Amino acid sequence: MGDKDQLISDEPVEEGVARSLPKKSGKKQKGYSQVPWYFASGIVLFWALLFLAVVKPLFYRLPQPLTVEDATSKGVFIAERAQANLYDFEAIGTKVVGSEGNEIKTVQFLLKELNLIKANMQEDLFDMEIDLQYAYGAYVKWNLVNMYQGIQNIVVKLTPKGSTSENYILVNSHFDSQPTSPSTGDDGHMVVSILEVLRVLSSTRQTFEHTIIFLINGSEENSLQASHGFIAHHKWAKNCKVVINLDAAGSGGRELMFQSGPNHPWLVQVYKKGAAHYFSTTMAEEIFQTGLVPSYTDFDIFAEYGNMIGLDIGQCINGFVYHTKYDRIDVIPRAALQNTGDNLLGLVRTLSNATEMRDPTGNAGGNVVFFDVLGLYFVSYSAENGVKLNYAVAGLTIILVYVSLLRIASKSNVSSGQVLGWFILVLVFQLVAFVLGLVLPLAVAYGLDMYGFSLSYFSTPSLMVGLFVCPSLLGLTLPSYIYLKLQNNVPFAQQVQLALHGHAVVLAALGIGLTVYGLRTTYLITWTLVFYIIPLAFNLLTTLHDRGFSWTGILKIIQVAPFLYNSYLIYCFIVILTPMMGRFGVDTNPDLIIGFLCALGTILSMGFLILLINTTRKSGFILLGLLAVTVATVYVASSTNIGFPYRPKTNVQRVPYLQVRRVFYEYDGTVSKDESGYLFNFQDRRGYAPLVASGVDLTGMVNMTSDCDNYMMCGMPLYDHRWVEAMDTLMWLPRKTPVWTPAEPILELLGKNLLENGKTIRFVFNLTCTDHTSIFIQPKTDVTISNWSFVEHYTTTYKPPYHIYFSFGIDDTPLYFSIDIEKPDLDYDVPLYEIGISAQYMHVDGDKEAIDFANTFPAYAATIQWPAIYKKYEF
């Protein structure tokens, strides 16, 4: 043997022979030779290449799109026809509620296509009814009254002749858009998929049992109003029991099934049987239901107001173009339409023949754990069985680790008590490793944000590897590296095995805790452990457990499975959530969310594998390499253009703002304030700093803190509930000249009368306004609103200021409303309350000054802006 620091013996040793080891501590014993340190680099590279070669291609995989030439095969979805419809849909342009594009052009286009489908259906097998609904109503959501008038829904009823079923299936999407967006992906993709599915179903001689209602609604972007209009007021709504809701928060990829039920596991089985291309996970459902995702769908309305169950499905890839002018057909490959169409057609056929539809509410049975495996397979089991599996796997992990410890003690000629003592120390080190694996990426995220470099990965996602993955790997490995330098009499190969056992026990304990908490996503930990205890059991049943590093062979092979799945799943959420970080608001550090996701994926995918670098010589070089990559990436992210978040068209910065004029009228009718400016609602953590650096003149811009403290709703024309929720972060840029609006809201007081009870006075108003108008009402301190013509229970449930969000579609009739006021001293000749009218003119660009200002924004900024006026009155 060489000098005293030599770690490796070149002396051969007979396999399977146990030996009494000297008490020299940090030495690797004979027969447990390590490979050179650079082999570890090769191992890391192997797993990286496996991700690039298998996981990413499967994640983005789409089916071969069918053309009209394939239509000879009856009963298949033809993507080419759907794409042709999508071209026509996009050509209409934006489809904001109340606009000609939404209320006239799109409705005419859809009715034309539907009548063509009806003309070619199998009339001897089906009946088809097409109904154009004009919806009127109001409901409470997001702490405000949502009121709608003349909202249009296109509803199609497809009934198999002779059907006696009174339980209908509802398939829903929407055709309206956000301002500036042609809505090709959200939700034109789903609209044309519905048209093609309806075309296939009605023209094929393949019947079904239950009636299908296809709802293409005209006001989803407007606080989900059209879905409420259908479920609350349409003649067919009461028969609709199960919904397949189709929406989008991205364009051009696979659609994700992210909500099911609730509490009806048979619907997951319908998905398993009917979907042709799986993409779904319990984790998505639980994340969405936490409110972390800044989006809503009609599914919530159907469940809340219609007591419906179903499946919520949405486009989620490439969310960078979502709700922007870049949501166009050029980012939607025909294959993506084929993917959606194959799934939707299969789901509708399966559901329309499901025996459970005969009594949908009679098949409740709790929640489900479900997930696809690389899009190739689908796994599901009840949440109850999931709990049992979680506990069983965690318990078996602990038992097998204990057996392994006894085996190590036996083969090392040391007492089991000593080995257990050392393992407790290992467990502490591995607990520290787990914490470091989470904390170090979060520390990087915190540091980048502190110095103004958040979102550096927004347009260069590969930076996440250096920023978050490498620090996590470093944290996972460093404690075991230190531990293996300590003294004990266990062979070095088994010392490394103890480190892996420690990680397994930490995961088992975490799995037990999360199961107690009730998190179904615990399946991730459970299945990760399954693929650890399988090779551990195999090694224990053979002599591999005791033969140097021989136990690592089967482990590496089996670990391919959890690596592929866990990296696939976490990559899925990184792809989905990264674009959302661009609209997460200025108050939240998005890097903490992405950093946590990367850390979680690293721990689950590489938690066992990375510890195997300790089987190589001078593994400290690997740790230094991970540190070097992290430092280099932080430099690139913070000091080069690579780390600049935004790119024109593909990775834009969203910049919503209003061209505002606000006028305050006092009780005597005089004007106390009349000023104009731009009201900004910055969407991401970097706020306005990049814009200023790019030359946008925002000199004089101030926050709204003072105005929000002194005026009802900050004295501003806040657009909707999102603007109200963000009022503390709004920014105001004054301008000298008045903002032009194409019209102004007119509030007429028609009457002020004392009612028969002698204590209540009724104000009657007529409001002439635009199609997107909010009414804010703030009673004075000693004044109570006892009744009004809006939703009655609202004033007794919510505190002022009260917010009524009013919009109309095809019907622009002025809004007539009344307010009943009571005051203890009955003195009604003084100011009683304030009314603010917030009118949004979303169909015009604004005056020349506003257009010139908008043109100063850089190409990477997607401005979403329009004129608005706010009038405050006292009565």
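Please refer to the structure placed before this passage.
Let me begin by describing the structure that accompanies this report. Sequence order as written defines residue numbering, which begins from 1 separately in each chain. Side-chain atom pairs in this predicted model are given and counted only at pLDDT of 80 or more, local residue features only at pLDDT of at least 70, and totals for whole chains, interfaces and linings cover all residues. Working from all heavy atoms in the structure, the side-chain values ignore hydrogens and water.

## Notes on the overall build of the protein
Alright, step 1. When helices and strands are tallied, the protein shows 23 helices and 21 strands.
Alright, step 2. Computation of the radius of gyration draws on C-alpha atoms alone. For the globule rule, the value is 2.2 Å times the number of residues to the power 0.38. The C-alpha radius of gyration of the protein comes to 32 Å, within 12% of the 29 Å expected for a compact globule of 875 residues.
Alright, step 3. Burial status follows relative accessibility: with a 1.4 Å probe on protein chains alone, a residue under 20% of its type maximum counts as buried, one over 50% as exposed, and anything between as partly exposed. Sorting the 875 residues of the protein into buried and exposed places 60% on the buried side.
Alright, step 4. Here a residue-residue contact requires only that any non-hydrogen atoms of the pair lie within 4.5 Å. Counted over contacts in the protein with a minimum sequence separation of 6, partners at least 24 positions apart contribute 81%.
Alright, step 5. Charged-residue counts in this description rest on Lys and Arg as positive and Asp and Glu as negative, His and the chain ends being excluded. Think of each charge as sitting on NZ of Lys, CZ of Arg, CG of Asp or CD of Glu. Each charge class in the protein was averaged separately, 61 positive and 76 negative side chains, and the resulting centres sit 12 Å apart. Under the DSSP-based scheme used, a helix requires at least four consecutive residues in state H or I and a strand at least two consecutive residues in state E, with every element numbered from the N terminus.

## Comments concerning the nonpolar core
Alright, step 1. By size, the foremost hydrophobic cluster in this structure holds 131 residues, and its most contacted members are Phe 468, Leu 500, Met 581, Phe 680, Phe 853 and Phe 857.
Alright, step 2. By residue number, the principal contributor to this core is helix 16 (residues 560–580), which donates 14 residues.
Alright, step 3. Setting aside its immediate chain neighbours within four residues, Phe 468 contacts Pro 441, Val 444, Ala 445, Tyr 457, Asp 591, Ile 594, Gly 595 and Cys 598.
Alright, step 4. Listed in part, the 62 residues of the second largest apolar core include Ile 92, Leu 110, Ile 154 and Leu 337. Only buried residues count toward a nonpolar core, which is a set of Ala, Val, Leu, Ile, Met, Phe, Trp, Tyr and Cys residues joined through side-chain atoms within 4.5 Å.

## Quick notes on the environment of Thr 856
Alright, step 1. Along the chain, Thr 856 falls in the loop between helix 23 (848–854) and strand 21 (861–874).
Alright, step 2. Spatially, the C-alpha atoms of Thr 856 and Ser 694 are 9.2 Å apart, while their sequence positions differ by 162 residues.

## Overview of the state of the cysteines
Alright, step 1. The definition used for a disulfide is geometric: two cysteine sulfur atoms within 2.5 Å. Taken as a whole and assessed by the stated rule, the structure comprises one disulfide.
Alright, step 2. Free cysteine Cys 470: the closest other cysteine sulfur is in Cys 598, separated by 11 Å.
Alright, step 3. Judged by relative accessible area, Cys 470 falls into the buried class, the value being 8%.

## Brief notes about helix 16
Alright, step 1. By this rule the span expected of a helix is its residue count minus one, scaled by 1.5 Å. Over its 21 residues, helix 16 extends 30 Å from the first C-alpha to the last, a length consistent with the 30 Å expected when each residue adds 1.5 Å.
Alright, step 2. Of all 21 residues that make up helix 16, 19 are buried, and the element is covered over most of its length.

## Observations concerning a nonpolar patch on the surface
Alright, step 1. Patch membership requires over 30% relative accessible area and the absence of a salt bridge. Like charges are linked within 9 Å, and nonpolar side chains (Val, Leu, Ile, Met, Phe, Trp, Tyr) within 5 Å. Residue-level accessible areas treat just the shown protein chains as cover; the underlying method is Shrake-Rupley with a 1.4 Å probe. A pair is scored as a salt bridge if a Lys or Arg side-chain nitrogen falls within 4 Å of a carboxyl oxygen belonging to Asp or Glu. Together, Val 387, Tyr 391, Ile 398, Ile 512 and Val 516 line one region of the surface with nonpolar side chains, adding up to about 400 Å² of accessible area.
Alright, step 2. Listed by contribution, the elements that provide at least two residues to the nonpolar patch are helix 10 (383–412) and helix 13 (492–517).
Alright, step 3. It is helix 10 that provides the largest number of residues to the nonpolar patch, a total of three residues.
Alright, step 4. Examined against the element boundaries, Tyr 391 turns out to sit in helix 10.
Alright, step 5. Taking relative accessible area as the criterion, Tyr 391 reaches 36% and is therefore assigned partly exposed.

## Concerning helix 18 (residues 620–639)
Alright, step 1. When the terminal C-alpha atoms of helix 18 are compared, their 28 Å separation across 20 residues agrees well with the 28 Å that a helix rising 1.5 Å per residue should span.
Alright, step 2. For helix 18, the set of buried residues is Gly 620, Ile 622, Leu 623, Leu 626, Thr 630, Thr 633 and Ala 637.

## Some words on the pattern of salt bridges
Pairing of side chains with opposite charge becomes possible as their charged atoms draw close.
Alright, step 1. On inspection of all chains with the given rule, the structure shows 28 salt bridges.
Alright, step 2. A salt bridge links Lys 161 to Asp 127, with the nearest nitrogen and oxygen atoms 2.6 Å apart. In this pair, Lys 161 is assigned in the loop between strand 2 (144–160) and strand 3 (168–174) and Asp 127 in strand 1 (residues 126–141), connecting sequence segments 34 residues apart.
Alright, step 3. With a shortest N-O distance of 3.8 Å, Lys 780 and Glu 874 are connected by a salt bridge. Highlighted residues: Lys 780 in the loop between strand 16 (772–779) and strand 17 (784–788) and Glu 874 in strand 21, separated in sequence by 94 residues.
Alright, step 4. Connected through salt bridges with shared partners, the residues Glu 666, Lys 780, Glu 834, Lys 872 and Glu 874 form a single ionic network.

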